[in-house]
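An overview of the molecular structure
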Amino acid sequence: MSDRLSKLLFSFESHISIPWPAAVSADERTIFLVYHKEDELKLRARVEEFEYACTNNNHPWMLLDLTQSFETWMAEQDYKETYFEDPEYLKGLFGDFADELVGNLIAKVENNQDSNGVVALLGCGTLFGFASVSGLVESLAEKITGRLVVFFPGEVHENNYQLLDAKDGWGYHATAISANT
């Protein structure tokens, strides 16, 4: 059992157990669970513990795993063989992938969420280089009535989030929870 992940889980459970204010912005309803990229597999093995922390505190849980989203999208492309032969052609389609992903996630959430529930995003690291995690989070957060929990392999410093080892991050005023919180 990873000590860092145990601390992250404890901090998350402490946060999720307090009463939720009703009138808050999308930013305030978003929670980033920031962890070391080296802990990805260990975290995946313990996702159910995060789910239990929510359901044990009467917050329904919906997990959206993004891990295979690019591969699934790519498999549906008519010219996928051409893209494999010359990947440069694919770069212009990353925006289409991101838009379709956001649309699919919103469709999954819209009729299946609870204002007291948690929608959790797993697999954000797999979007690196294909889609903007910040854009996805901002678009999806507006549609979530409960809390959006983002499992985030990276770092946060003064509301500046960096996915994996990215040089540039983005500013976002969500609640950041890490093993250090």
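Residues numbered from 1 in each chain as written. Predicted model: local features only at pLDDT ≥ 70, side-chain atom pairs only at ≥ 80, totals over all residues. Heavy atoms only, no water.

For the protein chain, the count of helices and strands is 7 helices and 7 strands. Written out in order from the N terminus, the α and β elements of the protein chain read α-β-α-α-β-α-α-α-β-α-β-β-β-β. Relative to the 2.2 N^0.38 estimate, which gives 16 Å for 181 residues, the radius of gyration of the protein chain is 17 Å and therefore close to what a compact globule would have. Expressed along its principal axes, the backbone C-alpha trace of the protein chain runs to roughly 50 × 35 × 30 Å. (Helix = DSSP H or I, 4+ residues; strand = E, 2+ residues; numbered from the N terminus. Rg over C-alpha atoms; globule rule 2.2 N^0.38 Å.)

A separate point is a negative patch on the surface. Together, Glu76, Asp96, Asp99 and Glu100 make up a region of like negative charge exposed at the surface. Structurally, Glu100 can be placed in helix α6 (residues 94-110). For Glu100, a relative accessible area of 39% corresponds to the partly exposed category. (Patch = residues over 30% accessible without salt bridge, like charges linked within 9 Å, V, L, I, M, F, W, Y side chains within 5 Å. Areas by Shrake-Rupley, 256 points an atom, 1.4 Å probe, with all protein chains shown as cover. Salt bridge = Lys/Arg side-chain N within 4 Å of Asp/Glu carboxyl O. Lys, Arg positive; Asp, Glu negative; His and termini not counted. Charge placed at Lys NZ, Arg CZ, Asp CG, Glu CD. Buried < 20%, exposed > 50% of the residue type's maximum accessible area, 1.4 Å probe, protein only.)

Now for the state of the cysteines. For the coordinates displayed, the defined rule picks out 0 disulfides. Among the cysteines around Cys54, which has no disulfide bond, Cys124 carries the closest sulfur, lying 16 Å off. For Cys54, a relative accessible area of 0% translates into the label buried. (Disulfide = S-S within 2.5 Å.)

Looking now at the side chain of Thr30. The residue Thr30 is located in strand β1 (residues 30-35) in this model. A polar contact is formed between the side chain of Thr30 and the backbone oxygen of Ala26, at a distance of 2.8 Å. (Polar contact = N/O pair within 3.5 Å; in protein donor to acceptor, adjacent residues only side chain to side chain.)

Burial runs high along strand β3 (residues 118-122): 5 of the 5 residues are buried. The alternating pattern of β3 places Val118, Ala120 and Leu122 and Val119 and Leu121 on opposite faces, both of which are buried. As paired elements, strand β2 (residues 61-65) and β3 share 5 bridges and run parallel to each other. Across the sheet, residue Trp61 finds its bridge partner in β3, namely Val118. Looking at chain direction, β3 and strand β4 (residues 147-157) are connected through 4 bridges and run parallel. Residue pairing for β4: Val119 is matched across the bridge by Leu148. In this fold, β3 hands off to helix α7 (residues 133-141), which returns the chain to β4; that crossover is right-handed. (Pairing = 2+ DSSP bridges. Right-handed = clockwise from strand over helix to strand, strands pointing away.)

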